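Now for the letters of each chain:
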Amino acid sequence: MALVKEEHFGIARKIVSNMTSESWETIPHATLTYNADVTELFKECKKLNADCTDSAKKITINTVMLKIICEGLKAAPKMNTHLKFNRKLVRGCLMYFDHIDISMPMVLPSGEMMTVNMHDMGNKSLSEMTDAINDTIRRANNSDMNEVMFEVSLDNTLNGLKEGKILQAIRRLYGSKTGKHKVKTLSGAAKRKYYSIPTTERLTKHDIEQGTTTISNLGSIYREQKGECELLEIIPPQTTAFAINAVQKRPTVVTDENGKDSIEVRMILPITIAIDHRALDYGDVVPFMRKLDEIFENPQIIQNWK
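S.K.: Quick one: what's the story with the side chain of Asn-217, residue by residue and with numbers?
M.R.: Mapped onto the elements, Asn-217 comes out in strand S6 (residues 213–217). With relative accessibility at 16%, the residue Asn-217 sits in the buried group. Once residues lying within four places of it in the same chain are set aside, the contact partners of Asn-217 are Asn-62 and Ile-244.

In structure tokens, the structure reads:
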């Protein structure tokens, strides 16, 4: 067996690997799948764009699904929390929020994956959500991702110092500034030029900071997906994570108005739900699922969200 090459992690991969390692080391995950019948929802989504001539303004099924999950979280606010937990002292505290900030993994033009924070999505209309996503993509195109991620990493390290995590800070600085694993950031004139770009035109640490929950759109990455995501990491201190899978044709039992069952080919969109079992039980997810039941049974409601 011959070694072909070595590929050292860049700062984005370092952050992801560190956060996901902490997730699986500290969080007892519990997962379930909600199979949404989106057959009728798709018809309503087409109506949303009936008069739209600007492709950038079109409301996608992905945006509609983000809105639906936000509506579910409003019905189950315990799922939109952060957890503080001290295992040694067995002390826990849940922090509730009056807004829904979605940490959303996004594929950049470079092919890299970055998780951005879509702020206050729960209070936005579908059109406002579309504009916010498009604006984030626009600013990402003007951004140096190493600089943005380094800002976030440095901020996290400094906060760790304030909490007394001195050894952790020293290790992180050593790991990012020495040898083959050194993180390359801008300097000199290139740095001054980059930071002269207004913050309204590029991403900042505000766009990358931790949201109140994470929603990954796996279906948009691979539309030919068969099946669904089974394991999904929760990024602490969040207590939930969601994966929107690809829409698939599946045989489904349908009950008519007379109570008669038949099997039809329907469009099914699986939604994977992961919860931190320290903070939530399956019963806490029931209000979320009931809200989704209500929406998918009456999909015309999305016309009110435009």
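S.K.: Go over the pairing of S6 with me, naming the residues and quoting the values.
M.R.: Where burial is concerned, most of S6 is hidden: five out of the five residues are buried. Burial along S6 is two-sided: Thr-213, Ile-215 and Asn-217 and Thr-214 and Ser-216, pointing in opposite directions, are all buried.

S.K.: Explain the packing of helix H3 (residues 61–75) against helix H10 (residues 286–297) to me, using residue names and the numbers behind them.
M.R.: Where H3 meets H10, the axes come as close as 7 Å, and the angle between the chain directions of the two elements is 135°. The pairing of H3 with H10 is recorded here as oblique in orientation. For H3 against H10, the interelement crossing comes out right-handed. Seen from H3, the contacting residues are Met-65, Ile-68, Ile-69, Glu-71, Gly-72, Leu-73 and Ala-75; seen from H10, they are Pro-287, Phe-288, Lys-291, Leu-292, Ile-295 and Phe-296. Of the residues assigned to the contact of H3 with H10, the class counts are ten nonpolar, one polar and two charged.

S.K.: So what about the pairing of strand S3 (residues 91–96)? Which residues, and what values?
M.R.: As paired strands, strand S2 (residues 81–86) and S3 are joined by six bridges and run antiparallel to one another. For Lys-84, the partnering residue across the bridge sits in S3 and is Cys-93.

S.K.: Describe in detail the pattern of salt bridges, supporting the description with residues and values.
M.R.: A complete count under the given rule lists 17 salt bridges for this structure. Between Arg-266 and Asp-37 there is a salt bridge; the shortest N-O distance is 2.9 Å. Note that Arg-266 is positioned in strand S9 (residues 261–276) and Asp-37 in strand S1 (residues 29–37), a separation of 229 residues in sequence. Judged by relative accessible area, which is 24%, Asp-37 ranks as partly exposed. Note that Lys-74 and Glu-71 form a salt bridge whose closest N and O atoms lie 3.0 Å from each other.

Rules and cut-offs
- Residues numbered from 1 in each chain as written.
- Predicted model: local features only at pLDDT ≥ 70, side-chain atom pairs only at ≥ 80, totals over all residues.
- Heavy atoms only, no water.
- Helix = DSSP H or I, 4+ residues; strand = E, 2+ residues; numbered from the N terminus.
- Buried < 20%, exposed > 50% of the residue type's maximum accessible area, 1.4 Å probe, protein only.
- Contact = heavy atoms within 4.5 Å.
- Axes fitted to C-alpha atoms, helices over the stretch in contact; angles between N-to-C directions.
- Parallel < 35°, antiparallel > 145°, perpendicular 65-115°, else oblique.
- Left-handed = near helix turned anticlockwise from the far one by under 90°.
- Nonpolar A, V, L, I, M, F, W, Y, C, P; charged D, E, K, R; others polar.
- Pairing = 2+ DSSP bridges.
- Salt bridge = Lys/Arg side-chain N within 4 Å of Asp/Glu carboxyl O.

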